[in-house]
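Single-letter residue listing:
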Amino acid sequence: MAKGSEIGTPVERSNVSRKSTFSRKSMSSKADIVAADLFCGAGGLTRGLIDSGIRVVAGFDIDEACRYPYETNNKPAVFEKRSVSEIDGKRLKALYPSNSVQVLVGCAPCQPFSKYTQGLEKSMDEKWGLLSHFGRLVEELKPHVVSMENVPQLQRHSVYDEFLGTLRRMGYSISASEVYCPDYGIPQHRTRLVLFASLLGPIEIIPTTYGPDTYLTVEDAIRRLPRLKAGEICQSDPLHRSSRLSDINLQRIRNSKPGGTWRDWPIDLVAKCHRKKAGKTYPSVYGRMVWDKPSPTITTQFFGFGNGRFGHPEQNRAISLREGAILQSFPSNYEFVQRGRGFNFRTVGRMIGNAVPVRLGAIVGATIIRHVEEANRR
Ligand SMILES: C[S@@+](CC[C@H](N)C(=O)[O-])C[C@H]1O[C@@H](n2cnc3c(N)ncnc32)[C@H](O)[C@@H]1O
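Since the structure is predicted, the reported quantities are computational estimates derived from the model, not experimental observations.

Trainee: Outline the site of the ligand, listing residues and values.
Mentor: Neighbouring the ligand are 22 residues; Phe-39, Gly-41, Gly-44, Ala-355 and Val-356 lie closest to it. At the level of elements, α2 (44-52) and β2 (55-61) are the ones that each hand at least two residues to the shell around the ligand. Across the shell around the ligand, the residue classes tally to 14 nonpolar, six polar and two charged.

Written as structure tokens, this is what we have:
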């Protein structure tokens, strides 16, 4: 079971009449389930849906850098550079073939809701409103199935209650759970809120398939990749590149143990801020990963040794961009930047860290397919 179910969620399940225009006769295959992806980024969620057998027609995002990875890896889905606040239901409706089961998915930017930014969001007011636009689009389009992914902290904010209120008013059956990614075969310690809402009847995330004894590990995911030095780019895969390290950071990583902290270093290598009393309570930076466990959460800054526990388990460097992408369960040939074009470490790191793990997207897709098949049989 997903962790959320264990702790008493699904948070909500309303028994309501089905207002769907869904036609059973027309539903002959998975291909009739068609999705559009709001806040699509580089395509983690889209790719997972496609892997599960759902057809994705379009993704919307304001970041032009996402166009290349989104379209290159997810053909024939198209990338539309447009703010979700500027789309309307008519635009979305035109994307779906008639008689398809319409699915609307989205993962609004997480920063306004994450534990790192609470209380500092004033400048992010517009981003807070983006989930309301998702709700507005549900009202305008009335898709058969909705799925939303975000950080669990979102549940503490009124914008989430408003989103639920919209779905409830419109007669959706709703379930939401906190999903621990390793439980679904993702080699990464990451917990996400995954919500489903359907006009076709009750919907529940599919059961988990992994447990603590079978979790995929950092070793399973990245040990096979070619060795690399800090600052080096792999000849055969330009995404397998790691950031440069200053002399002091090279000395620090040489003194770092897998799963350890800067407390393992000789005192002269410890940063001044960490030598102070308050700093001693922050051991979760400058760490190395451990081979035999899932990785820490891959953030948008994962390529920096000083930004978390992002050191390679045994090589003296931070993990490479490719290694981060694989820990996010992107296929190992997923392209993020066109060869020969300028390469920006931060931009690529942001797209990878921001992504919904591809495998979680596939779990979302499998859940929707099972749900539609069940509705078909009723
Ligand atoms: C958490 S990421 C989504 C990741 C994506 N679902 C994936 O799996 O790769 C949020 C995305 O929202 C995009 N974004 C931010 N503001 C937006 C807006 N007003 N309209 C559309 N997209 C926006 C960001 O550029 C970012 O790519």
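Trainee: For the environment of Ser-198, give the residues involved together with the corresponding values.
Mentor: For Ser-198, the location among the structural elements is in strand β7 (residues 191-198). Judged by local crowding, Ser-198 falls into the buried class, with 27 C-beta atoms found within 10 Å. For the pair Ser-198 and Ser-175, spaced 23 residues apart in sequence, the C-alpha separation works out to 9.1 Å. Ser-198 has contacts with His-144, Val-145, Tyr-172, Ser-173, Ile-203 and His-371, leaving out every residue within four places of it along the chain.

Trainee: Outline the sheet that holds strand β4 (residues 101-106), supporting the account with residue identities and numerical values.
Mentor: Spatial ordering of the open sheet is given by β3-β2-β1-β4-β5-β7-β6, a layout of seven strands whose pairing is mixed. Lying at the two open borders of the sheet, with one neighbouring strand each, are β3 (78-81) and β6 (173-180). The sheet shows a mean angle of 15° between the axes of neighbouring strands, direction not considered. This element, helix α6 (residues 130-141), spans β1 (33-38), β4 and β5 (145-150) of the sheet and lies at about 170° to β4.

Trainee: Lay out helix α7 (residues 158-169) with the relevant residues and their values.
Mentor: Helix length check: α7 (twelve residues) gives 16 Å between terminal C-alpha atoms against 16 Å at 1.5 Å per residue, within 8%. Those residues of α7 not exposed but buried are Tyr-160, Phe-163 and Leu-167. Summarising the axial view, the buried residues of α7 lie within an arc of 60°, below the 170-degree limit, and thus occupy one face. Residues of α7 that are exposed and point over 90 degrees away from its buried face: Ser-158, Asp-161, Gly-165 and Arg-169. Looking at the buried side of α7, the elements it contacts are α6, β5, β6 and β7.

So, how was this worked out
- Residues numbered from 1 in each chain as written.
- Predicted model: local features only at pLDDT ≥ 70, side-chain atom pairs only at ≥ 80, totals over all residues.
- Near = placed C-beta within 6 Å.
- Helix = DSSP H or I, 4+ residues; strand = E, 2+ residues; numbered from the N terminus.
- Nonpolar A, V, L, I, M, F, W, Y, C, P; charged D, E, K, R; others polar.
- Buried ≥ 20, exposed ≤ 12 C-beta atoms within 10 Å, placed from the backbone.
- Contact = placed C-beta atoms within 7 Å.
- Pairing = 2+ DSSP bridges.
- Axes fitted to C-alpha atoms, helices over the stretch in contact; angles between N-to-C directions.
- Expected span 1.5 Å × (residues − 1).
- Arc of directions from axis to C-beta.

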